[in-house]
Amino acid sequence: MRLGVLTSGGDCAGLNAIIRAVMLRAVYGYGMELYGIHEATHGLLRRPVTATRLTSDTTRGILHLGGTILGTTNRGNPFAYPVEGGGTVDRSAEIIQGYHELGLDALIGIGGDGSLAILRKLALAGGWNLVGVPKTIDNDVNLTEHAVGHSTAVEIATEAVDRLHVTAASHNRVMVLEVMGRDAGYIALSAGIAGGADVVLIPEIPYRIESVCAKIEERRRIGRNFSLIVVAESVKSPEGMVHTVTDAHGQSRYGGIGRVIAEEVAKRTGAESRVTVLGHVQRGGSPTPLDRVVASAFGVAAVDLVARGEFDRMVAWQDRKVVAVPLAEATAGTRAVDLNDTLLHTARGLGISFGEPV
Ligand code: F6P
């Protein structure tokens, strides 16, 4: 059997750990021939297709490395592929053909909800046998408690809160940390709890700046002249605006809400404030043990699904077990922080403010 594997969407820590686990299980467990496709579906678009035979030699020493040895992209939707000079074309047929040219019997696609939805569409149109593995620092893939990469991002964000804590206390400042999370507040929520933040702002809970300032004043009254605010990038400003930046290619992404909050707080409370935007630091570096463990479990389970001929499934983590869920359901939408989430309850119990009206 000839199996392919690719990484798609934004990178994160733990992708190489999945690739390694897939290699060990596929090549040594089942005697499969394994090919790592370069740069997501871009490798299937090139002629000849660009892929590397994955063996213990070509995957040596990657378990602890961030990034992905295969490369990835979160641009170039095959169904609306950008062309020079503007506009898009549908290049899905070429990509579908690339899978068949490589002689694949099955493909393991490692991606977030968006990438997995695109891969599924290709699989349905082209007769691919697809199994998905969830990864994303945002942890917003449906039906799985863990997506690979999230634990590492939370660790990095927590370290940032810790570092900001001491400098905030030394200068009596309000420190605002803007963390990633496209439409989900999991990183902000976990790092806020782990780092002892005073205010956590997430897209799932609309906030009022007056309430944020009230929390800062409340701390002052008990002699705490500094405060830590963790804000998810996708939070709207008090006027209901989403803050984005547009790059030279016309692509827009989140960024800027941290500055808005820091300025408003300074204006309204008179406190000195500073903002730190953590950005892509959250995606790099060595994966945490939890990300390595989940990545390894997912890699092994994904190959087992392939060996059993169970396709159109995604491996998922539920109640400390790896399970297989329908890819259709997993990609039907994204998972946001549930308002009954135990971490929300925990944060409230610790006195963390979400900036809700009081
Ligand atoms: O989805 C992962 C993520 O890191 C988001 O948290 C963030 O909004 C986005 O990707 C950034 O994308 P890019 O790598 O294109 O800047």
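Residues numbered from 1 in each chain as written. Predicted model: local features only at pLDDT ≥ 70, side-chain atom pairs only at ≥ 80, totals over all residues. Heavy atoms only, no water.

K.L.:
So, the side chain of Thr59: which residues are in play, and what are the values?
P.N.:
Tracing the backbone through its elements, the reader meets Thr59 in the loop between strand 3 (51-53) and strand 4 (81-82). With relative accessibility at 5%, the residue Thr59 sits in the buried group. Of the polar contacts made by the side chain of Thr59, one reaches the backbone oxygen of Thr55; its length is 2.7 Å. Apart from residues lying up to four places away in sequence, Thr59 is in contact with Ile19, Met23, Leu54 and Ile69. (Helix = DSSP H or I, 4+ residues; strand = E, 2+ residues; numbered from the N terminus. Buried < 20%, exposed > 50% of the residue type's maximum accessible area, 1.4 Å probe, protein only. Polar contact = N/O pair within 3.5 Å; in protein donor to acceptor, adjacent residues only side chain to side chain. Contact = heavy atoms within 4.5 Å.)

K.L.:
Outline the site of the ligand, listing residues and values.
P.N.:
Close to the ligand lie Asn74, Arg75, Ile137, Asp138, Met180, Gly181, Arg182, Glu233, Arg253, His280 and Arg283. The separation between an oxygen atom of the ligand and a polar side-chain atom of Arg182 is 3.0 Å. For the ligand, an oxygen atom lies 2.5 Å from a polar atom in the side chain of Glu233. Surface burial for the ligand is 90%, taken as the share of its 400 Å² of free accessible area covered by protein chains. In a pocket analysis with a 2 Å cut-off to the grid points, the ligand is assigned to the largest pocket. Looking at the shell around the ligand residue by residue, the classes come out as 2 nonpolar, 3 polar and 6 charged. Residue assignment places the shell around the ligand across two domains, with domain 1 (2-148 + 287-318) and domain 2 (151-284 + 339-349) each supplying three or more. (Near = heavy atom within 4 Å. Areas by Shrake-Rupley, 256 points an atom, 1.4 Å probe, with all protein chains shown as cover. 1 Å grid on protein atoms, 1.4 Å probe; cavity = no way out; pocket = protein on both sides within 12 Å on 5 of 7 lines; lining within 4 Å. Sits in = over half its atoms within 2 Å of the grid points. Nonpolar A, V, L, I, M, F, W, Y, C, P; charged D, E, K, R; others polar. Domains from an automatic or database assignment.)

K.L.:
Can you explain helix 6 (residues 186-195)? Please cite residues and give values.
P.N.:
With 8 of 10 residues buried, helix 6 is to be regarded as a mostly interior element. For helix 6, the complete set of buried residues consists of Tyr186, Ile187, Ala188, Leu189, Ser190, Ala191, Gly192 and Gly195. On its buried face, helix 6 is in contact with helix 5 (150-171), strand 8 (173-179), strand 9 (199-201), strand 10 (227-232) and helix 11 (342-349). Looking one or two residues past helix 6, Gly196 carries a phi angle of roughly 75°, positive in sign.

K.L.:
Quick rundown of the packing of helix 3 (residues 92-101) against helix 4 (residues 113-126)? Include the residues and the values.
P.N.:
Between two packed helices, the angle of one axis relative to the other and the distance separating the axes together describe the packing. Interaxial distance between helix 3 and helix 4 falls to 10 Å at its minimum, and their mutual angle equals 75°. As the angle between them shows, helix 3 and helix 4 are arranged roughly perpendicular. Along its contact with helix 3, which presents Ser92, Ile95, Ile96 and His100, the element helix 4 presents Leu122, Ala125 and Gly126. Of the residues in the contact of helix 3 with helix 4, the class split is 4 nonpolar, 3 polar and no charged. (Axes fitted to C-alpha atoms, helices over the stretch in contact; angles between N-to-C directions. Parallel < 35°, antiparallel > 145°, perpendicular 65-115°, else oblique.)

K.L.:
Residue-level account of the domain arrangement of the protein, with values.
P.N.:
Segmenting the protein into domains produces domain 1 (2-148 + 287-318) and domain 2 (151-284 + 339-349). Listed as interface residues are 13 residues of domain 1 and, on the opposing side, 14 residues of domain 2. For the pair domain 1 and domain 2, the summed buried area comes to about 1200 Å², and 50% of that belongs to carbon and sulfur atoms. Ranking the residues of domain 1 by area buried against domain 2 places Arg75, Ile137 and Asp138 at the top, with a combined share of 44%. Run the count over domain 1 and domain 2 and you get 1 salt bridge. On inspection of domain 1 and its partner domain 2, the count reaches 7 residue pairs in polar contact (both at pLDDT 80 or more). (Buried area = accessible area lost by both parts, 1.4 Å probe. Salt bridge = Lys/Arg side-chain N within 4 Å of Asp/Glu carboxyl O.)

K.L.:
Please provide a residue-by-residue account of the nonpolar core, values included.
P.N.:
For soluble globular proteins, nonpolar side chains are generally found buried alongside one another. Ranked by size, the top nonpolar core spans 80 residues in total, and within it Leu3, Ile108, Leu201, Val212, Ile229 and Val265 carry the most contacts. A total of 8 residues in this core trace back to one element, the largest contributor, which is helix 9 (residues 289-308). Taken domain by domain, the makeup of this core includes at least three residues from each of domain 1 (2-148 + 287-318) and domain 2 (151-284 + 339-349). Apart from the residues lying within four places of it in its own chain, the contact partners of Leu201 are Ala188, Tyr207, Val212, Ile229, Val230, Val231, Ala232, Val235, Ile261, Phe354 and Gly355. Core analysis: the next-biggest nonpolar cluster, separate from the first, contains 25 residues, Leu44, Ile96, Leu104 and Leu119 among them. (Core = buried A, V, L, I, M, F, W, Y, C linked by side-chain atoms within 4.5 Å.)

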